[in-house]
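# Topology and contacts: notes
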Amino acid sequence: QVLLVESGGGLVQAGGSLRLSCAASGIIFRLNTMRWYRQAPGKQRELVAAITRYGTTDYTDSVKGRFTISRDNSKDTVYLQMNCLSPEDTAVYYCNTDYELGSYWGQGTQVTVSS
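One structure accompanies this document, and this report is about it. (Residues numbered from 1 in each chain as written. Predicted model: local features only at pLDDT ≥ 70, side-chain atom pairs only at ≥ 80, totals over all residues. Heavy atoms only, no water.)

Before going further, it helps to examine the nonpolar core. Ranked by internal contacts, the top residues of the largest apolar core, which has 29 residues, are W36, V78, L80, M82 and Y93. Sorting the residues of this core by element identifies β3 (18–25), β4 (34–39), β5 (46–51), β7 (67–72), β8 (77–82), β9 (91–99) and β11 (109–114) as the ones contributing at least two each. Setting aside its immediate chain neighbours within four residues, Y93 contacts E6, L20, W36, Y37, R38, V48, F67, L80, M82, G108, T109 and V111. (Core = buried A, V, L, I, M, F, W, Y, C linked by side-chain atoms within 4.5 Å. Buried < 20%, exposed > 50% of the residue type's maximum accessible area, 1.4 Å probe, protein only. Helix = DSSP H or I, 4+ residues; strand = E, 2+ residues; numbered from the N terminus. Contact = heavy atoms within 4.5 Å.)

This part covers the state of the cysteines. Scanning all chains against the criterion turns up one disulfide. Note on cysteine connectivity: C22 is disulfide-linked to C95, with sulfurs 2.2 Å apart. Because the torsion about its S-S bond is -80°, the bridge between C22 and C95 counts as left-handed. Here the residue C22 occupies a position in strand β3, and C95 occupies one in strand β9, the gap between them amounting to 73 residues. (Disulfide = S-S within 2.5 Å.)

A word on the sheet that holds β3. Here we have four strands laid out as an open sheet, ordered β1-β3-β8-β7, and antiparallel in their pairing. The open sheet terminates on both sides in strands that have one partner only, identified here as β1 (3–7) and β7. The average undirected angle you get between the axes of adjacent strands in this sheet is 15°. In terms of strand pairing, β7 meets β8 through six bridges, oriented antiparallel. If you follow R71 over to β8, its bridge partner there is V78. (Pairing = 2+ DSSP bridges. Axes fitted to C-alpha atoms, helices over the stretch in contact; angles between N-to-C directions.)

Both β4 and β5 contribute to a ladder of five bridges, which runs antiparallel. For R38, the partnering residue across the bridge sits in β5 and is E46. Hairpin connection, β4 to β5: the antiparallel pair is bridged by six residues, and G42 has positive phi, about 75°. By the bridge criterion, three bridges tie β5 to strand β6 (residues 57–59) in an arrangement that is antiparallel. Note that in β6 the partner of A49 across the bridge is Y59. Counted along the chain from β5 to the antiparallel partner β6, the turn is five residues long, and its residue G55 has a positive phi close to 90°.

All right, on to the environment of N32 then. By the element assignment, N32 lies in the loop between β3 and β4. By relative accessible area, which is 6% here, N32 ends up buried. In this structure the C-alpha to C-alpha distance between N32 and D98, which are 66 residues apart in sequence, comes to 7.3 Å. When sequence neighbours within four positions are dropped, the list of residues in contact with N32 reads I27, I51, T52, R53, R71, T97, D98 and Y99. From its side chain, N32 meets the backbone oxygen of D98 in a polar contact 2.7 Å long. (Polar contact = N/O pair within 3.5 Å; in protein donor to acceptor, adjacent residues only side chain to side chain.)

Below you can see the structure in the form of structure tokens.
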């Protein structure tokens, strides 16, 4: 059974930082591309960042230079370091991966940035 569990969300002031974690189980983590998505109220879910099995990363334009995705294969965990947060980053953040024929999501963690 594939399980993704996010943590690390919370309330932070604009300009602050948070680090999200996503612990995975039930997959061969080191072989998987891992992604972070977010969904703000009234908006579609959007891809924020991704990291491949080789460590190659990609980011949506609005977070480039502020967010960093990383992975620790020894802990089966992917991280999202978020710096210089703004109210526009307020959303529920989800971890995602594809495994075999399925796409799997965590339960999400709320990030709220106050102005």
